[in-house]
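Notes for the structure review
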Amino acid sequence: MSAGPAVSLRSMVAEDIPEVLALEQRLFPHDAWPEQFFHEELAHTQGERATRRYWVCTEPVEDDPLTDERIIGFVGMMCVLPLADVQTIAVAPEAQGRGLGTTMLHLVVDTARDLGAEQVLLEVRSDNDGAQGLYRREGFTHIHTRRRYYPDGADALIMQKPLTDLDAPTSASRLR
Ligand SMILES: CC(C)(COP(=O)(O)OP(=O)(O)OC[C@H]1O[C@@H](n2cnc3c(N)ncnc32)[C@H](O)[C@@H]1OP(=O)(O)O)[C@@H](O)C(=O)NCCC(=O)NCCS
């Protein structure tokens, strides 16, 4: 990972929720997901028909006898074919700008492609220029605006990244 060899990604488990929730409340103070929402999302990561995937990004901790890692980011996706959605993505303020957001977004896009999704969708606040910059750089385009979507009246931009290669030969073109 470009963010440094000590950083690692693994699946989120229920025991991570208190730490993830603390990060969520720091990063989204006005519209943080409630704890129950994370439990419900993780419940959908289980079984053959799982529709969700969640990961945490961690770095080692050396000065705390109670733990050997700290969660510095998390990301979640929903995949109900043919669509995949980025449910959430967040990086701790002190760890931003090191490529973790990019790495986690790549993980979602690669997983969506592996699962057979045709496109990845996400929604982002219209005033969140930083996140929009990341998404545009990663091939997402703005396809729709949901007016006054957020509780404070901000608009949501719906952004989309197609996963199907429009230049790839189709079965029809191969016949010629
Ligand atoms: C958006 C977020 C996940 C990006 O994570 P990150 O680890 O900082 O991202 P990266 O280091 O991979 O940065 C990639 C790009 O993000 C953009 N970016 C991220 N944060 C930015 C900021 N505060 N200001 C400007 N650009 C920013 C830049 O385009 C950057 O590209 P660059 O490296 O060429 O400058 C992180 O900033 C975050 O958690 N923000 C708060 C929560 C949030 O807004 N989540 C998204 C909700 S839709």
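- The name given to the protein chain in an unreviewed UniProt entry is Ribosomal-protein-alanine N-acetyltransferase, and the organism recorded there is Nesterenkonia xinjiangensis.

1. Here we look at the overall build of the protein chain
- Of regular secondary structure, the protein chain possesses 5 helices and 7 strands.
- Ordered by position in the sequence, the α and β elements of the protein chain form the string β-α-α-β-β-β-α-β-α-β-β-α.
- At 18 Å, the protein chain has a C-alpha radius of gyration in line with the 16 Å of a compact globule built from 176 residues.
- Seen through its C-alpha atoms, the protein chain measures out along the principal axes to roughly 65 × 35 × 30 Å.
- Out of the 176 residues in the protein chain, the part that is buried amounts to 41%.
- The long-range share in the protein chain, meaning contacts at least 24 apart out of those at least 6 apart in sequence, stands at 56%.

2. A look at the site of the ligand
- Looking at the ligand, there are 21 residues lining it, with Val-91, Gly-99, Gly-101, Thr-102 and Asn-128 nearest.
- The contact in question runs from an oxygen atom of the ligand to an N or O atom on the backbone of Val-91, over 2.7 Å.
- A distance of 2.7 Å is found between an oxygen atom of the ligand and a backbone nitrogen or oxygen belonging to Gly-99.
- Taking 900 Å² as the accessible area of the ligand by itself, protein coverage stands at 66%.

3. Let's talk about the nonpolar core
- Phe-74, Val-120, Tyr-135 and Phe-140 are the most contacted members of the largest nonpolar core, which has 43 residues in total.
- Leaving out residues up to four positions away in the same chain, Tyr-135 has contacts with Ile-89, Leu-105, Leu-122, Val-124, Phe-140 and Met-159.

4. A closer look at the packing of aromatic side chains
- With the rule as written, the count across this model stands at 5 aromatic pairs.
- With a centroid separation of 5.2 Å and 50 degrees between ring planes, the pair formed by Trp-33 and Phe-38 is classed as tilted.
- You can call Trp-33 buried: its relative accessible area is 18%.
- An aromatic cluster is defined as three or more aromatic residues linked by ring pairs; in this entry it consists of Trp-33, Phe-37, Phe-38 and Phe-74.
- Between the NZ or CZ atom of Arg-125 and the centre of the ring of Tyr-150, over which it lies, the distance is 5.3 Å.

5. What about the pairing of strand S2 (residues 52–60)?
- Burial within S2 is extensive, with 7 of its 9 residues counted as buried.
- Relative to strand S3 (residues 69–80), S2 runs antiparallel, the two sharing 9 bridges. Bridge assignment links Arg-52 to a residue of S3, and that residue is Met-78.

6. Some thoughts on the packing of helix H3 (residues 100–115) against helix H4 (residues 129–137)
- In the contact formed by H3 and H4, the axes pass within 11 Å of each other and the chain directions differ by 50 degrees. Between H3 and H4, the angle is such that the two are oblique. When you trace H3 past H4, the crossing you get is right-handed. Contact with H3, carried on its side by Gly-101, Thr-102 and Leu-105, involves Leu-134, Tyr-135 and Arg-137 of H4 and no other residues of that element.
- Among the residues making up the contact of H3 with H4, the classes are represented as 3 nonpolar, 2 polar and 1 charged.

The rules behind these values
- Residues numbered from 1 in each chain as written.
- Predicted model: local features only at pLDDT ≥ 70, side-chain atom pairs only at ≥ 80, totals over all residues.
- Heavy atoms only, no water.
- Helix = DSSP H or I, 4+ residues; strand = E, 2+ residues; numbered from the N terminus.
- Rg over C-alpha atoms; globule rule 2.2 N^0.38 Å.
- Buried < 20%, exposed > 50% of the residue type's maximum accessible area, 1.4 Å probe, protein only.
- Contact = heavy atoms within 4.5 Å.
- Near = heavy atom within 4 Å.
- Polar contact = N/O pair within 3.5 Å; in protein donor to acceptor, adjacent residues only side chain to side chain.
- Areas by Shrake-Rupley, 256 points an atom, 1.4 Å probe, with all protein chains shown as cover.
- Core = buried A, V, L, I, M, F, W, Y, C linked by side-chain atoms within 4.5 Å.
- Phe/Tyr/Trp six-rings, centres within 6.5 Å; stacked < 30°, edge-to-face > 60°.
- Lys NZ or Arg CZ within 6 Å of the ring centre and 35° of its normal.
- Pairing = 2+ DSSP bridges.
- Axes fitted to C-alpha atoms, helices over the stretch in contact; angles between N-to-C directions.
- Parallel < 35°, antiparallel > 145°, perpendicular 65-115°, else oblique.
- Left-handed = near helix turned anticlockwise from the far one by under 90°.
- Nonpolar A, V, L, I, M, F, W, Y, C, P; charged D, E, K, R; others polar.

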